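Coordinate analysis (summary)
In case you want the letters, here they are:
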Amino acid sequence: GNHTQPKFILLGITDTPWAQAPLFGLFLLIYIITLVGNVGLMVLVWVARSLHTPMYFFLAHFSLADICYSTIISPKMLTDLLFGNKTISWAGCMTQFHLFALFATAECHLLAAMAYDRHVAICHPLLYVTVVSPRACWQLVAWSYLVASLSALVYTSCTFGGSFCGPRQVDHFFCDASPVLRLVCSDTRGSEAAIFALATANGLGTSVVILLSYGCILHTVLGMRLAPSRARAFHTCASHLVSVSVFYGALFFMYLQPASRHGSRDKVASVFYTVVSPMLNPFIYSLRNKEVKAVLGKCRRR
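A few points on the structure. (Residues numbered from 1 in each chain as written. Predicted model: local features only at pLDDT ≥ 70, side-chain atom pairs only at ≥ 80, totals over all residues. Heavy atoms only, no water.)

Some remarks on the overall build of the protein
Where we set the bar: Only DSSP runs of H or I reaching four residues or more are called helices, and only runs of E reaching two or more are called strands; each is numbered from the N terminus. The cut-offs for exposure are 20% and 50% of the maximum accessible area for each residue type, with area from a 1.4 Å probe on protein chains only; residues under the lower value are buried, those over the upper are exposed, and the others partly exposed. Between two residues, a contact is recorded if the distance between any of their heavy atoms is within 4.5 Å. To be clear on the numbers: accessible area is Shrake-Rupley with a 1.4 Å probe, and residue cover counts the displayed protein chains and nothing else.
The helix and strand inventory of the protein stands at 10 helices and 3 strands. When the elements of the protein are put in sequence order from the N terminus, they spell out β-α-α-β-α-α-α-β-α-α-α-α-α. Taken across its 302 residues, the protein has 50% of its residues classed as buried. Across the protein, every contact between residues at least 6 apart in sequence was considered, and the portion connecting residues at least 24 apart equals 78%. Summed over its atoms, the accessible surface of the protein is roughly 14900 Å², and 69% of this surface lies on carbon and sulfur atoms.

Structure representation (structure tokens):
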């Protein structure tokens with residue numbers, strides 16, 4: 001069981017030999033773009049005083065979470081595709097899953113904090129500086145990481161707390177809860193119920209905050225008399241809504257369904273929120289914003 005610390009074998013995205021080289025090239029390119037885009041956004045927010053606002057403060061932490069959980073998964077996946085060495089130790093598998101669960105959960109709460117920030121900015125602009133103060137921003141970020149850390153401990157203990165026996169082949173490209181729990185010899189219904197309940201609390205809890213925030217935003221925007229003001233408000237929120245849709249859509253498909261319904265489609269959904277979403281977020285949030293374009297223009301001239 002766990003005392004012998006067995007090794008696992010990650011079966012990966014595909015076992016077709018001719019497909020592994022093209023997939024390696026594709027995912028390597030995506031990972032490089034992810035690092036360059038998110039690190040670039042963080043550097044811009046750090047050096048440009050015009051971006052020292054709550055919205056970009058949350059974006060910088062969101063980019064940091066993207067970098068972290070993409071780095072937890074992508075390098076191992078690329079190594080497996082290139083060299084075919086798909087083994088991972090019990091400790092390595094548990095560490096990978098724990099860190100992934102931590103940063104993925106943190107992103108849920110950071111998205112909720114960003115929605116709250118947009119709600120105050122549009123619905124209560126006169127109170128914005130007071131309500132979304134630097135201290136409040138740090139408290140929201142700290143809360144996100146605190147809840148994520150506690151949730152990750154529960155997820156990890158439920159997933160790796162049983163005894164493993166038989167073939168230790170994880171039918172996935174990283175150590176996720178559902179494929180690992182299939183390898184546990186003991187009864188996993190309690191663990192699956194605990195993971196499902198906590199994932200529901202984190203996912204639905206933060207999505208309710210997002211929906212309520214945008215419900216208030218929609219009510220306020222529709223009440224604006226000037227069309228340019230409405231267009232500007234919708235433009236401000238569009239990027240966040242696109243990112244929320246991609247991230248939550250894949251997460252809900254993965255974790256808010258019974259364990260018996262998990263199958264090969266899980267890998268496709270996992271690629272979206274572990275590989276594709278971190279790459280797209282810098283483009284979704286930044287390149288459509290006039291402030292970021294202005295800062296990039298200044299950097300180019302310098």
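Quick look at empty space enclosed by the protein
Formally: With a 1 Å grid spanning the protein atoms alone, the term cavity applies to any set of points in which a 1.4 Å probe fits but cannot get out, the term pocket to an open set with protein on both sides within 12 Å along at least five of seven lines, and the term lining residue to any residue with an atom within 4 Å of a point. Grid points are joined across faces, edges and corners, and a volume is the space filled by probe spheres set on the points. Classes in brief: Ala, Val, Leu, Ile, Met, Phe, Trp, Tyr, Cys and Pro nonpolar; Asp, Glu, Lys and Arg charged; the others, Gly included, polar.
Counted according to the given criterion, the structure contains 2 cavities of 30 Å³ or more. Considering only enclosed or pocket space, the second largest cavity measures out at about 60 Å³ in volume. Contributing to the lining of the second largest cavity are Leu10, Gly12, Ile13, Thr14, Met77, Asp80, Leu81, Lys86 and Phe173. Here the lining of the second largest cavity is built from residues that sort into 5 nonpolar, 2 polar and 2 charged.

As for the packing of helix 2 (residues 54–83) against helix 5 (residues 134–160)
Which entries qualify depends on this criterion: Here, axes are lines fitted to C-alpha atoms. For helices the fit covers the stretch in contact, and angles between N-to-C directions go from 0 to 180 degrees. Should an angle fall under 35 degrees it is called roughly parallel, over 145 degrees roughly antiparallel, and 65 to 115 degrees roughly perpendicular, with every other angle called oblique. The hand of a helix crossing depends on one turn: near helix anticlockwise from the far one by less than a right angle means left-handed, and clockwise means right-handed.
Two elements in contact, helix 2 and helix 5, have axes separated by 10 Å at closest approach and are oriented at 25°. Taken as axis vectors, helix 2 and helix 5 run roughly parallel relative to one another. Considering only the axes of helix 2 and helix 5, their crossing is right-handed. Contact residues: helix 2 offers Pro54, Phe57, Phe58, His61, Leu64 and Ala65, while helix 5 offers Cys137, Trp138, Leu140, Val141 and Tyr145. The residue inventory of the contact of helix 2 with helix 5, partitioned by class, reads 10 nonpolar, 1 polar and no charged.

A look at the side chain of histidine 109
If you trace the backbone, histidine 109 turns up in helix 3 (residues 90–123). With relative accessibility at 13%, the residue histidine 109 sits in the buried group. Those residues in contact with histidine 109 that sit more than four places away from it in its chain are Trp143, Ser144, Val147, Asn202 and Thr206.

Considerations on the packing of aromatic side chains
The criterion, for reference: Under the pairing criterion, centres of Phe, Tyr and Trp rings, with the six-membered ring standing for Trp, must be within 6.5 Å; the plane angle then separates stacked pairs below 30 degrees from edge-to-face pairs above 60, leaving the rest tilted.
Going through the model one piece at a time under the given rule, you end up with 9 aromatic pairs. With centroids separated by 6.0 Å and ring planes inclined at 75°, the aromatic side chains of tyrosine 69 and phenylalanine 100 adopt a geometry described as edge-to-face. In this pair, tyrosine 69 sits in helix 2 while phenylalanine 100 sits in helix 3, placing the two residues 31 residues apart along the sequence. A network of ring pairs unites the aromatic residues Phe8, Trp90, Phe97, Phe160 and Phe164 as a single cluster.

Observations concerning the pattern of salt bridges
Condition: Salt bridge, as used here: a side-chain nitrogen of Lys or Arg that lies within 4 Å of a carboxyl oxygen of Asp or Glu.
As enumerated under the stated definition, the model contains 3 salt bridges in all. Put simply, lysine 76 and aspartate 80 hold a salt bridge, and the shortest N to O gap is 3.1 Å. Residue lysine 76 and its partner aspartate 80 are located together in helix 2, separated by 4 residues, close to a single helical turn. Aspartate 80 carries the same exposure label as lysine 76, and that label is buried. Its salt-bridge partner being aspartate 117, residue arginine 118 comes within 2.9 Å of it at the nearest N-O pair. Residue classification places arginine 118 among the buried residues on the basis of a relative accessible area of 11%. Judged by relative accessible area, which is 1%, aspartate 117 ranks as buried.

Some words on the packing of helix 3 against helix 5
As a packed pair, helix 3 and helix 5 sit with axes 8 Å apart at the nearest point and diverge in direction by 145°. Between helix 3 and helix 5 lies a crossing of right-handed hand. Across the contact of helix 3 with helix 5, the residue classes tally to 21 nonpolar, 8 polar and no charged.

Quick notes on the environment of alanine 142
Looking at the element boundaries, alanine 142 is found in helix 5. The partly exposed category is assigned to alanine 142, whose relative accessible area is 44%. C-alpha of alanine 142 to C-alpha of leucine 110: the two residues are 32 residues apart in sequence and 9.9 Å apart in space.

That is the geometry; function is a separate question.
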